[in-house]
Amino acid sequence: MDLSAVQAALSDKSYSALAHLCDELLLQAASKGATTDEWPYSVHLLAHLYINDLNSARFFWKSLPQEVKDTRPELAAVWRIGQCLWNRDYAGVNTAAQGFEWGPDLADFITAFLELQQRIFKLLTSAYSTISVADVAHFMGMSEEDATNYAVQNGWSLDAATRMLTVKKLKAQTNQKLDASKLQRLTECVFHLEH
């Protein structure tokens, strides 16, 4: 079985494309009757979790033979992450991800997956103007103290009396380039309007 496309996606850090790629290759292997003993089950499962496709991850896990689940500790560790995501236990996601010694194929992938905190923080920034410390801690998978420190370091302000954080909205950057032709057209329009 040729897994070079999976290895190439991992080395290129094209993690978003891995779930679809693995699904397609597994279907091709199954249609040819090829053995899947060498299949990168852990990568395949993590790829579904990375794109937040929890249903596909769950069904992939259920489709695996019990022998594969029992003999691959890295696969079981990825599944613990999936269970935490399914149960919305975001603190457990970090604990499960950091509590295992990942192999070379998955170490960078897990690091990229854990950047989820930054993505969640950006989502919180865009969705809320004020939010409780407890909610930020829950969504970020941190203790309340760590979540408060993280938010304050990123420019949010804390009202200690109410334990509410005020979100600092990110300014949208717009780069306008004004070249000579646009300036000329504007001048002509203004001149036309005045005369």
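Residues numbered from 1 in each chain as written. Predicted model: local features only at pLDDT ≥ 70, side-chain atom pairs only at ≥ 80, totals over all residues. Heavy atoms only, no water.

The following threshold applies: UniProt positions are given in the numbering used here, feature names are shortened, and annotations may be inferred rather than shown by experiment.
The name given to the protein in an unreviewed UniProt entry is COP9 signalosome complex subunit 8, with Miscanthus lutarioriparius as the source organism. Under Sequence similarities (unreviewed entry), UniProt gives the following word-for-word description of the protein: "Belongs to the CSN8 family."

1. Observations concerning the packing of helix 6 (residues 73-86) against helix 7 (residues 90-98)
Applied cut-off: For helices, the fitted axis covers only the stretch in contact; all axes are lines through C-alpha atoms, and the angles between them, taken along N-to-C directions, range from 0 to 180 degrees. Working definition: helices are DSSP H or I runs of at least four residues, strands are E runs of at least two. Numbering for both runs from the N terminus. Each angle receives one of four descriptions, namely roughly parallel if under 35 degrees, roughly antiparallel if over 145, roughly perpendicular if within 65 to 115, and oblique otherwise. For this analysis, residues touch if any pair of their heavy atoms sits within 4.5 Å. Put simply, Ala, Val, Leu, Ile, Met, Phe, Trp, Tyr, Cys and Pro go in the nonpolar bin, Asp, Glu, Lys and Arg in the charged bin, and everything else, Gly too, in the polar bin.
Closest axis-to-axis distance for the helix 6/helix 7 pair is 8 Å, and the angle between their directions is 170°. In terms of their interaxial angle, helix 6 and helix 7 are classed as roughly antiparallel. Between helix 6 and helix 7, the residues in contact are Arg80, Ile81, Cys84 and Leu85 and Tyr90, Gly92, Val93, Ala96 and Ala97, respectively. Taken together, the residues that form the contact of helix 6 with helix 7 break down as seven nonpolar, one polar and one charged.

2. A few points about the domain arrangement of the protein
How big an interface is tends to be expressed through the accessible area that disappears when the partners come together. Cut-off, in case you're wondering: Note: domain ranges come from an automatic or database domain assignment. Buried area, as used here, totals the accessible surface that two parts lose on assembly, with accessibility defined by a 1.4 Å probe and the loss added over both. Take a side-chain nitrogen of Lys or Arg and a carboxyl oxygen of Asp or Glu: if they are within 4 Å of each other, that pair is a salt bridge.
Parsing the protein into structural domains produces domain 1 (3-127) and domain 2 (129-194). Centre-to-centre separation of domain 1 and domain 2, based on C-alpha positions: 32 Å. Across the boundary between the two partners, domain 1 contributes twelve residues, which contact 16 residues of domain 2. Approximately 1200 Å² of surface area, both sides summed, lies buried where domain 1 meets domain 2, with 69% of it carried by carbon and sulfur atoms. Sorting the residues of domain 1 by area buried against domain 2 places Phe121, Leu124 and Thr125 first, and these three jointly supply 51% of that buried surface. One can count zero salt bridges joining domain 1 with domain 2. Elements with a minimum of two residues in the side of domain 1 that touches domain 2: helix 7 and helix 9 (116-127). Considering every element that reaches the side of domain 1 that touches domain 2, the biggest residue donor is helix 9, with eight residues. Grouping the constituent residues of the side of domain 1 that touches domain 2 by class yields six nonpolar, five polar and one charged.

3. A few points about the sheet that holds strand 2 (residues 157-159)
Defined as follows: We call two strands paired when DSSP finds no fewer than two bridges between them.
Read from one edge to the other, the open sheet built from three strands follows the order 1-3-2, with strand pairing classed as antiparallel. Strands with a single pairing partner mark the edges of an open sheet, and in this sheet they are strand 1 (130-132) and strand 2. Direction aside, neighbouring strands of the sheet carry axes that sit 30° apart on average. Relative to strand 3 (residues 164-166), strand 2 is paired through three bridges, and the arrangement is antiparallel. By the bridge assignment for strand 3, Asp159 is matched with Met164.

4. Details of the nonpolar core
Rule in force here: Joining through side-chain atoms within 4.5 Å is the link that ties buried Ala, Val, Leu, Ile, Met, Phe, Trp, Tyr and Cys residues into a set, and such a set is a nonpolar core. Here's how the labels work: a residue is buried when its accessible area is under 20% of the maximum for its type, exposed when over 50%, partly exposed in between, all with a 1.4 Å probe on protein chains only.
Leu18, Leu49, Ile81, Phe109 and Phe113 are the most contacted members of the largest nonpolar core, which totals 41 residues. Going through the elements one at a time, helix 1 (4-11), helix 2 (15-32), helix 3 (41-50), helix 4 (54-63), helix 6, helix 7 and helix 8 (104-114) are the ones with two or more residues in this core. Discounting residues that sit within four places of it in the chain, Ile81 has contacts with Leu49, Val93, Ala96, Ala97, Trp102, Ile110 and Phe113. In this structure, Ile131, Ala147, Trp156 and Val167 belong to the second largest nonpolar core, which totals 14 residues.

5. Details of the pattern of salt bridges
Counted by the stated rule, this structure contains two salt bridges. Between Asp108 and Lys13 there is a salt bridge, with the nearest N and O atoms lying 3.3 Å from each other. Linking Asp108 in helix 8 with Lys13 in the loop between helix 1 and helix 2, this pair joins segments that are 95 residues apart in sequence. Residue Glu144 is joined to Arg163 by a salt bridge in which the shortest nitrogen-to-oxygen separation is 3.4 Å. Here Arg163 lies in the loop between strand 2 and strand 3 and Glu144 lies in helix 11 (residues 144-153), a separation of 19 residues in the sequence. A relative accessible area of 37% places Glu144 in the partly exposed class. With a relative accessible area of 36%, Arg163 lands in the partly exposed category.

6. As for the packing of helix 2 against helix 3
Condition: Handedness of each helix crossing follows the sense of rotation of the near helix against the far helix: counterclockwise by less than a right angle gives left-handed, clockwise gives right-handed.
Helix 3 packs onto helix 2 with a crossing angle of 130° between their chain directions and a minimal axis gap of 8 Å. In terms of orientation, helix 2 lies oblique with respect to helix 3. Where helix 2 crosses over helix 3, the two elements pack in a sense that is left-handed. Here Tyr15, Ser16, Leu18, Ala19, Cys22, Asp23 and Leu26 of helix 2 come into contact with helix 3, specifically with Val43, His44, Ala47, His48 and Tyr50. Of the residues belonging to the contact of helix 2 with helix 3, the class tally is eight nonpolar, three polar and one charged.

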